[in-house]
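# Understanding the architecture of this molecule
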Amino acid sequence: MDLSRSDFPADFTWGVATSSYQIEGATTEGGRGPSIWDTFSATPGRVVGGDSGEVAVEHFHRYAQDVDLMADLGVDAYRFSIAWPRVQPTGSGAVSRAGLAFYDRLVDTLLDKGITPWATLYHWDLPQPLEDAGGWPVRDTAHRFAEYAAHVADALGDRVGHFITLNEPWCSAFLGYGSGRHAPGRSDAGAALAASHHLLLGHGLAVQALRERAPQAQVGITLNLYPVAPAHDGHGTQDVVRRVDGLSNRWFLDPVLRGSYPQDVVDDVAHLTDLSFVHDGDLEVTSASLDFLGVNYYTRHVVAPGALPGTGEVDFASRGLPTTALGWEVDPEGLSDILLRVTRDYGDIPLVITENGAAFDDELVDGAVHDTERVDFLRGHLEAGAKAIAGGVPLRGYFAWSLMDNFEWAEGYAKRFGIVHVDFDTQVRTIKDSGHWYAAFLAGERTQY
Ligand code: IFM
C-alpha cells in the first residue's frame, strides 16, 4: 500500500486540533471566570492524579511558539476552541476585552503564518455561574450560548472564516449529566436528555447569530460518531445495535440534519422523559442549514445485550484488535464506514474529520519519541478517508487530534494524544515521529507500508 497527499483533492484542508481547557492553562488570568471543568477538577476523585487544566501546557502564554510548531509541521489549518469563560467570565452580560484579546492575538499569529483558523465555540468549558443556574438541562443556557456566539462573531468574524458551534454534544450531555464521568459530574438521565436538546437548540441559535454577524463564514457542528456492530448474532443483539446507534449517532444527526428526533429512540427514553423540553419550532432551529458536518472518529462500538436479561444493559465487546492506551480498538475501517453511512443516510453535506488520533504510552528517549503505533494509526485512518472519498463521500478535511499532549479530561495528563510531545514539568515541546511523519506526508512524500 502507499498513500500520498495527492490522493486527496487539491483543496483538501489538513490540520491539527486542540481545545481551550486542555491546553491553555492560565485559568485565572486575563479576566477568565471559572468553568465547570475548574470546579470538577478541583473535586477530589474526579480526575486521575488530581490533575487539572490550571497550568495545562501553558498555551495561553506559549501560543506563538505553538503556532511556529504548526508552521513547521506544514498544516493548512488549526482547529482550536474558544473558552467561553474567557470571553464572558460569568457566562452572560459583559464581555472581557482581555479575554477576547488573547484570541485576537492567536488568530493574527495564525494568519501571519498562513494557517487558517477554525474556531470551536464550545468544547465543554461552561462558565460555572451558568451551571449554578441549572446548566445545559435549563433552556436559558441555549440563549446564553447564542449571545456568546454573537460576541465572538463580532470580535473575530472579520478574520475567522470557519466556526464550529459545539464539540461532541453527546459527551457534554451524557458524560456531563448522565454518567457523571465529565463535568459537571451529575448523574440524572432525564437531565442528560434535556441537556442534549438544549445543546442542539443553542447550536441552532448560535448558527443564526453567526450567519447574521459573520455572513461569509462557514459554519458547522462537530459530532462524535461511531459505527455500531453486533458482537454476535444472539437473541436481542440487533436491538442493542439499534439502541446504541440511536442514542450515540441518530439522536444528534437527526435533529441537526433532518429536523426531527428518531421515533424509536423517543420510545426507548419514554420512561425517562416526556420530551416536554422540546418546544414548537425548536427542531427548525436545531436543523439550521450548515456548511459542513464535523466528524470526530476514534473507534467502533461492538455491542451485545448485557448479562442480566431485561435490564437494558449493554456489553461493549472487544474483537481482539490492537488497542490504544485508553483501551479503544484501532479500527480504521470504522472511519470509512461511518463517513459512508452519514453520506448515504443524510445526503451530501460536506464532511470534515475534525478529530482523529490515539493515546499511546509514549516515551521520550534522547530527544525523540518513536511512536510507530501512532504513525500506523494516522496512516491507516488517512487511507480510510481516501477510501471514503473514492466511495462518494464529500470529505473536505482532516484534523489530527492532537497537536500536542494535553489534559485528557478525567484521565488527566496520563494519556498522551499529541503528535508533539510535551514535558509537563518543563513545558518543552518535541515533535514525535508521528509529527515528523505527518509533516512529510503534508510536504507531499509518498508513504509506503
Ligand atoms: O481529548 C478528547 C477531545 O477533547 C474530544 N474528543 C475526544 C478526545 C480524546 O478523548
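Residues numbered from 1 in each chain as written. Predicted model: local features only at pLDDT ≥ 70, side-chain atom pairs only at ≥ 80, totals over all residues. Heavy atoms only, no water.

What follows concerns the overall build of the protein chain. Regarding its fold elements, the protein chain presents 15 helices and 15 strands. Its C-alpha atoms give the protein chain a radius of gyration of 21 Å, within 12% of the compact-globule value 22 Å for 449 residues. Along the first, second and third principal axes, the C-alpha atoms of the protein chain reach 55 × 55 × 45 Å. For the protein chain, with 449 residues in total, the buried portion stands at 60%. Put simply, of all contacts in the protein chain between residues at least 6 apart along the chain, 77% involve residues at least 24 apart. Total accessible area computed for the protein chain in this model is approximately 16300 Å², and 50% of it derives from carbon and sulfur atoms. Separation between the mean location of the 33 positive side-chain charges and that of the 62 negative ones in the protein chain comes to 2 Å. (Helix = DSSP H or I, 4+ residues; strand = E, 2+ residues; numbered from the N terminus. Rg over C-alpha atoms; globule rule 2.2 N^0.38 Å. Buried < 20%, exposed > 50% of the residue type's maximum accessible area, 1.4 Å probe, protein only. Contact = heavy atoms within 4.5 Å. Areas by Shrake-Rupley, 256 points an atom, 1.4 Å probe, with all protein chains shown as cover. Lys, Arg positive; Asp, Glu negative; His and termini not counted. Charge placed at Lys NZ, Arg CZ, Asp CG, Glu CD.)

Attention now moves to the UniProt feature "active site" (unreviewed entry) in the protein chain. With numbering aligned to this structure, UniProt lists the feature "active site" (unreviewed entry) at Glu355. Assignment of secondary structure puts Glu355 in strand E11 (residues 351–355). Judged by relative accessible area, Glu355 falls into the buried class, the value being 4%. Those residues in contact with Glu355 that sit more than four places away from it in its chain are Arg79, His123, Asn167, Glu168, Val295, Asn296, Tyr297, Tyr298, Phe399 and Trp401. For Glu355, the side chain forms a polar contact with the side chain of Arg79, separated by 3.1 Å. (UniProt positions renumbered as here; feature names shortened; annotations may be inferred. Polar contact = N/O pair within 3.5 Å; in protein donor to acceptor, adjacent residues only side chain to side chain.)

Roughly 1600 Å³ of internal volume is contained in the largest pocket. Mapped by element, the contributors of at least two residues to the lining of the largest pocket are helix H8 (169–179), helix H9 (189–213), helix H10 (237–257), helix H11 (263–268), strand E9 (301–305) and strand E10 (314–316). A breakdown of the residues in the lining of the largest pocket according to their chemical character gives 25 nonpolar, 14 polar and nine charged. (1 Å grid on protein atoms, 1.4 Å probe; cavity = no way out; pocket = protein on both sides within 12 Å on 5 of 7 lines; lining within 4 Å. Points joined across faces, edges and corners; volume = space filled by probe spheres on them. Nonpolar A, V, L, I, M, F, W, Y, C, P; charged D, E, K, R; others polar.)

Before going further, it helps to examine the packing of helix H7 (residues 140–156) against H9. Here H7 crosses H9 at 30°, and the two axes come no closer than 8 Å. By the angle between their directions, the pair H7 and H9 is classed as roughly parallel. Our pair here, H7 against H9, has a crossing hand that is right-handed. Mapping the contact onto sequence places Ala142, His143, Phe145, Ala146, Ala149, Ala150, Ala153 and Asp154 in H7 and His198, Leu201, Gly202, His203, Leu205, Ala206, Ala209, Leu210 and Arg213 in H9. The residue inventory of the contact of H7 with H9, partitioned by class, reads 11 nonpolar, four polar and two charged. (Axes fitted to C-alpha atoms, helices over the stretch in contact; angles between N-to-C directions. Parallel < 35°, antiparallel > 145°, perpendicular 65-115°, else oblique. Left-handed = near helix turned anticlockwise from the far one by under 90°.)

Moving on: the site of the ligand. Taken together, Gln22, His123, Trp124, Asn167, Glu168, Tyr298, Trp328, Glu355, Trp401, Glu408, Trp409 and Phe417 are the residues near the ligand. A distance of 3.3 Å is found between an oxygen atom of the ligand and a side-chain nitrogen or oxygen belonging to Trp401. With respect to the ligand, the side chain of Glu408 contributes an N or O atom lying 2.6 Å from an oxygen atom. More than half of the atoms belonging to the ligand lie within 2 Å of the grid points that define the largest pocket. (Near = heavy atom within 4 Å. Sits in = over half its atoms within 2 Å of the grid points.)

The subject of this paragraph is the sheet that holds strand E3 (residues 77–81). Here eight strands make up a closed barrel; going around it, the order is E2-E3-E4-E5-E6-E8-E11-E12 and the pairing parallel. On average, each strand axis in the sheet is tilted by 25° relative to the strand beside it, whichever way the strands run. Pairing geometry for strand E8 (residues 292–296) and E11, over four bridges, is parallel. Directly across from Gly294, in E11, lies its bridge partner Val352. Contacting strand E4 (116–122) and strand E5 (162–167), H7 runs over the sheet at an angle of about 155° to E4. With respect to the sheet, H10 is in contact with strand E6 (218–224) and E8, its orientation differing from that of E6 by roughly 160°. (Pairing = 2+ DSSP bridges.)

Next up on the list: the pattern of salt bridges. Scanning all chains against the criterion turns up 38 salt bridges. The partner of Asp7 in a salt bridge is Arg446, and the shortest N-O contact between them spans 3.8 Å. Here Asp7 is found in the loop between strand E1 (2–3) and strand E2 (13–17), whereas its partner Arg446 is found in the loop between helix H15 (433–442) and strand E15 (447–448), with 439 residues between them in sequence. One salt bridge in this structure joins Asp38 and Arg32, with 2.9 Å as the shortest N-O distance. Per residue, the accessibility class of Asp38 equals that of Arg32, and both read buried. Connected via shared salt-bridge partners are Asp239, Arg242, Asp245, Arg250, Asp264, Asp268, Arg341, Arg344 and Asp345. (Salt bridge = Lys/Arg side-chain N within 4 Å of Asp/Glu carboxyl O.)

On to the packing of aromatic side chains, then. Under the definition given, this model contains 38 aromatic pairs. A cation over a ring is seen here: Arg86 above Phe102, with NZ or CZ 5.9 Å from the ring centre. (Phe/Tyr/Trp six-rings, centres within 6.5 Å; stacked < 30°, edge-to-face > 60°. Lys NZ or Arg CZ within 6 Å of the ring centre and 35° of its normal.)

Per the counting criterion, the structure on display carries three cavities of 30 Å³ or more. Looking at the largest cavity, its volume works out to about 50 Å³. Ile36, Trp37, Tyr122, Trp124, Trp136, Cys171, Ser172, Tyr177, His182, Ala183 and Pro184 are the residues that line the largest cavity. Those elements that provide at least two residues to the lining of the largest cavity are helix H2 (36–41) and H8. It is H8 that provides the largest number of residues to the lining of the largest cavity, a total of three residues. Among the residues forming the lining of the largest cavity, the class breakdown is nine nonpolar, two polar and no charged.

What follows concerns the packing of H8 against H10. Two quantities define a packed helix pair, namely the angle between the axes and the distance from one axis to the other. Contact geometry for H8 and H10: axes closest at 10 Å, N-to-C directions at 130°. Looking at the two axes, H8 sits oblique to H10. In the crossing of H8 with H10, the sense of the turn from one axis to the other is right-handed. Contact with H8, carried on its side by Pro169, Trp170 and Phe174, involves Leu247, Ser248, Trp251 and Phe252 of H10 and no other residues of that element. Its residues placed into classes, the contact of H8 with H10 shows six nonpolar, one polar and no charged.

An order of E7-E9-E10 is seen for the three strands of this open sheet, with the pairing classed as mixed. At either margin of the open sheet sits one strand with a lone partner, and together these are strand E7 (228–230) and E10. Taking the axes of each pair of neighbouring strands and ignoring which way they run, one obtains an average angle of 40° across the sheet. The pairing of E9 with E10 spans three bridges and is classified as antiparallel. Its bridge partner lying in E10, Ala304 is registered against Asp315. Contacting E7, E9 and E10, H10 runs over the sheet at an angle of about 130° to E9.

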